[in-house]
Amino acid sequence: MSEDDGTARRAVVVRGLGRTYTRRRRLLRGAATEVVALDGVDLEIAEGELHGLLGPNGAGKTTFCKILSTVLTPSTGSVAVLGMDVVREARRLRPLIGVVMGGERGLYYRLTGREFLMYWSALYGVADAVARRRAADLLDRLRLAERADDRIETYSRGMKQRLHLARGLVTDPRLLLLDEPTAGLDPIGAKTFREMISELRRDRTILLTTHDMAEAEQLCDRVTLIGGGKVIATETPATLGAALTRHERVDAHGVGDALLAELTGVAGVLAAERRPDGWVRVETGADGVSAAVLRLLLDAGVTRVRTSLPDLEEAYAHLLGPRADA
Ligand SMILES: Nc1ncnc2c1ncn2[C@@H]1O[C@H](COP(=O)(O)OP(=O)(O)OP(=O)(O)O)[C@@H](O)[C@H]1O
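Per-chain numbering applies: the sequence of each chain, read as written, is numbered from 1 onward. Owing to the predicted nature of the model, reporting of local features is limited to residues with pLDDT of at least 70; listing and counting of side-chain atom pairs is limited to 80 or more, with chain, interface and lining totals taken over all residues. Excluded from the side-chain calculations are hydrogens and water; all other atoms, namely the structure's heavy atoms, are used.

The name an unreviewed UniProt entry assigns to the chain is ABC transporter ATP-binding protein, from the organism Spongiactinospora rosea. In its Subcellular location (unreviewed entry) section, the UniProt record describing the chain reads: "Cell membrane". UniProt positions are given in the numbering used here, feature names are shortened, and annotations may be inferred rather than shown by experiment.

Here's what the structure looks like:
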């Protein structure tokens, strides 16, 4: 396989991407401060991949999406999407990228769902007959068909969000950017939305930003953790979890204070604390420590115990360290 073949299969290639904002303070007579939102980001996303971008508030996720969608330009580095440079070839690229943000912004409430999709199709120059067919198909696939000719103002929040998704798909984009698309949805709305993302992923590449670890775990092929504008790790959700398998949890019920103090002192125990439900949680950080903790518990007559491995959320908190709370 030639080098070119390899390049063609990557939907996104980001090299040394930096982005700085200049923030002016009114009080200090316009004195400017520089805010580094992205700092030397390298990332590749394969065609057809569903890639998750995870990070706390202010990590740089939205800035990253805006650069990929050609809305913002990089301060340093380069970004190629579908083989095209996001700055030099922005015009050609734009119709090939769909963007869906969370929340209720950007909907025209007096239009019906179908009218709204036709309006967006016209803005992007989609031929009328194609737009009509595509709108009907999307309304159907996103379970909006029954309400397609009702005004958007009568839709539930979940329906509005699904209409946002449909809008992002009217050009049949090859790259879909979903920026916290389930933010503000209730658990059932979020679940329905995720099912639809899974259904719609065929034939396109998706970048999904989220705070929700379970969402990333459920949907994504690979996940990039971003913190303070830098990439912390890019892994499959399973590998990310496995990176921390030496970290285990032992939960025990019926542990007295003396035993709790003893557990805290065991070499390799990172933390042992009593939780509000009365169970004691012991976090271990090296091979064999959980076994030693279990032995100690059993010797003391404690038999209500359970062990578990960290999920992606814990992996995330662990890898980001103090930045997770930034
Ligand atoms: N227009 C702007 N002017 C100045 N600073 C900005 C601007 N937009 C973003 N920033 C700063 O850049 C950093 C990254 O912000 P960004 O919105 O990309 O993060 P995020 O990961 O999307 O956060 P969130 O999860 O809260 O949406 C933050 O420190 C933010 O305050």
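Visitor: How would you explain the environment of Arg304 if you had to name every residue and give the values?
Guide: Positionally, Arg304 belongs in strand S14 (residues 304-308). Between the C-alpha atom of Arg304 and that of Gly254, which follows or precedes it by 50 residues, the distance is 7.4 Å. In contact with Arg304, not counting residues within four places along its chain, are Asp251, Ala252, His253 and Trp279. Comment: elements are numbered from the N terminus, with helices defined as DSSP H or I runs of at least four residues and strands as E runs of at least two. Here a residue-residue contact requires only that any non-hydrogen atoms of the pair lie within 4.5 Å.

Visitor: So what's going on with the site of the ligand? Which residues, and what values?
Guide: Residues in close proximity to the ligand total 14 residues, the closest being Gly58, Gly60, Lys61, Thr62 and Thr63. Lys61 has a polar side-chain atom sitting 2.8 Å from an oxygen atom of the ligand. When isolated, the ligand has an accessible area of 640 Å², and the protein chains bury 66% of it. Taken together, the elements giving at least two residues each to the shell around the ligand come down to strand S1 (10-24), strand S2 (32-46) and helix H2 (61-68). Looking at the shell around the ligand element by element, the count peaks at three residues for H2. Class assignment of the residues belonging to the shell around the ligand gives a composition of five nonpolar, six polar and three charged. The cutoff for a nearby residue is simple: one of its non-hydrogen atoms must lie within 4 Å of the molecule or strand. The definition of a polar contact used here is a pair of N or O atoms within 3.5 Å, where within protein one atom must be able to donate a hydrogen and the other to accept one, and adjacent residues in sequence count solely through side-chain atom pairs. Using the Shrake-Rupley algorithm and a 1.4 Å probe, accessible areas are obtained, with residue cover drawn only from the displayed protein chains. Under the convention adopted here, Pro, Cys and the residues Ala, Val, Leu, Ile, Met, Phe, Trp and Tyr are nonpolar, Asp, Glu, Lys and Arg are charged, and Gly plus all remaining residues are polar.

Visitor: I'd like to hear about the side chain of Ser290, residue by residue, with values.
Guide: For Ser290, the position within the fold is in helix H11 (residues 289-299). A polar contact of 3.0 Å, which involves the side chain of Ser290, links it to the side chain of Thr284. Dropping the residues within four chain positions of it, Ser290 is found in contact with Glu248, Val250 and Thr284.

Visitor: So what's going on with the packing of aromatic side chains? Which residues, and what values?
Guide: A pair of Phe, Tyr and Trp rings is counted when the ring centres sit within 6.5 Å of each other, with Trp represented by its six-membered ring. The angle between the planes then sorts it: under 30 degrees is stacked, over 60 is edge-to-face, the rest tilted. Counting across every chain of the model gives four aromatic pairs. Ring geometry for Tyr108 and Phe116: centres 5.7 Å apart, planes at 65°, overall edge-to-face. Looking at Tyr108, the relative accessible area reads 38%, which means it is partly exposed. Judged by centre distance (6.3 Å) and plane angle (70°), the ring pair of Phe116 and Trp120 falls under edge-to-face. With Phe116 and Trp120 both in helix H4 (residues 113-123) and four residues apart, the pair spans about one turn of that helix. Trp120 matches Phe116 in its accessibility class, with the two residues each being buried. Grouping aromatic residues by their ring pairs yields a cluster made of Tyr108, Phe116, Tyr119, Trp120 and Tyr124. Look at NZ for Lys and CZ for Arg. If either is within 6 Å of the ring centre and within 35 degrees of the ring normal, a charge sits over the ring. The ring of Trp120 carries the charged tip of Arg167 above its face, separated from the ring centre by 4.9 Å. The rule is simple: take the accessible area with a 1.4 Å probe, protein chains only, and divide by the maximum for that residue type; under 20% is buried, over 50% is exposed, in between is partly exposed.

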